[in-house]
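# Structural characterization, general
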Amino acid sequence: MPTSDAPLSDEERAELEALRTERAEREAQEQARKERAELARLKAERERLQRESALDARDREIRERNAKLMEPDEDLNMPVGQKIVLVSIAALAIILVLMTVFG
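Now for a description of the structure that goes with this document. Just so it is clear, the model here is predicted, and its values are computed rather than measured.

## Things to note about the overall build of the chain
In terms of regular secondary structure, the chain is built from two helices and zero strands. Relative to the compact-globule value of 13 Å for 103 residues, the chain shows a C-alpha radius of gyration of 38 Å, a clear excess of over 25%. Principal-axis analysis of the C-alpha atoms gives the chain an extent of 120 × 40 × 15 Å. Split into buried and exposed, the 103 residues of the chain put 2% on the buried side. A total accessible area of about 9700 Å² is found for the chain, and carbon and sulfur atoms account for 58% of it.

Next comes the structure, spelled out in structure tokens:
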């Protein structure tokens, strides 16, 4: 391609405009691709945060329920879960004693 200071011919000017248009289209396609990738990444991050939030809420609920069952209240009354465990152990001990005596 000759390099000169002469103005562009109509054919060269048309070719230049076509090349500029192609470049602009490529850049627009690349920008759209980047935006789609960013959108997908942000959606995935939002879904992950929502799942984690739901799991945290569920874990917190389970901890609260377990605490209510196994920890004493403000009056230091024995919790229900502890009563169940002690009654089960006592029943097992009575069964073992009865089996030993009558067995």
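And the narrative resumes.
## Topic: a nonpolar patch on the surface
Together, Leu69, Met70, Val80, Ile84, Val85 and Ile89 line one region of the surface with nonpolar side chains, adding up to about 540 Å² of accessible area. Put simply, the parts of the chain that give the nonpolar patch at least two residues each are helix H1 (10–70) and helix H2 (80–102). Per-element accounting of the nonpolar patch gives the leading share, four residues, to H2. Within the secondary structure, valine 80 is located in helix H2. On the accessibility criterion, valine 80 (48% relative accessible area) is partly exposed.

## A word on the environment of arginine 58
Topologically, arginine 58 is positioned in helix H1. Judged by its relative accessible area of 48%, arginine 58 is partly exposed.

## Section: the pattern of salt bridges
The tally for this structure, following the rule as stated, stands at four salt bridges. Across the pair arginine 33 and glutamate 30 runs a salt bridge, and its minimum N-O distance is 2.4 Å. A residue pair is termed a helical-turn pair when its members lie 3 or 4 positions apart in one helix, as arginine 33 and glutamate 30 do in helix H1 at three residues. We classify arginine 33 as partly exposed; its relative accessible area is 44%. Note that glutamate 52 is salt-bridged to arginine 48, the shortest N-O span being 3.0 Å.

## Side note on the environment of asparagine 66
Mapped onto the secondary structure, asparagine 66 falls in helix H1. C-alpha of asparagine 66 to C-alpha of glycine 81: the two residues are 15 residues apart in sequence and 8.6 Å apart in space.

## Examining the environment of lysine 83
The topology assignment puts lysine 83 in helix H2. When its relative accessible area of 44% is taken as the criterion, lysine 83 is described as partly exposed. Spatially, the C-alpha atoms of lysine 83 and isoleucine 95 are 18 Å apart, while their sequence positions differ by 12 residues.

Analysis parameters
Residues numbered from 1 in each chain as written. Predicted model: local features only at pLDDT ≥ 70, side-chain atom pairs only at ≥ 80, totals over all residues. Heavy atoms only, no water. Helix = DSSP H or I, 4+ residues; strand = E, 2+ residues; numbered from the N terminus. Rg over C-alpha atoms; globule rule 2.2 N^0.38 Å. Buried < 20%, exposed > 50% of the residue type's maximum accessible area, 1.4 Å probe, protein only. Areas by Shrake-Rupley, 256 points an atom, 1.4 Å probe, with all protein chains shown as cover. Patch = residues over 30% accessible without salt bridge, like charges linked within 9 Å, V, L, I, M, F, W, Y side chains within 5 Å. Salt bridge = Lys/Arg side-chain N within 4 Å of Asp/Glu carboxyl O.

Any functional reading would require information beyond the geometric quantities listed.
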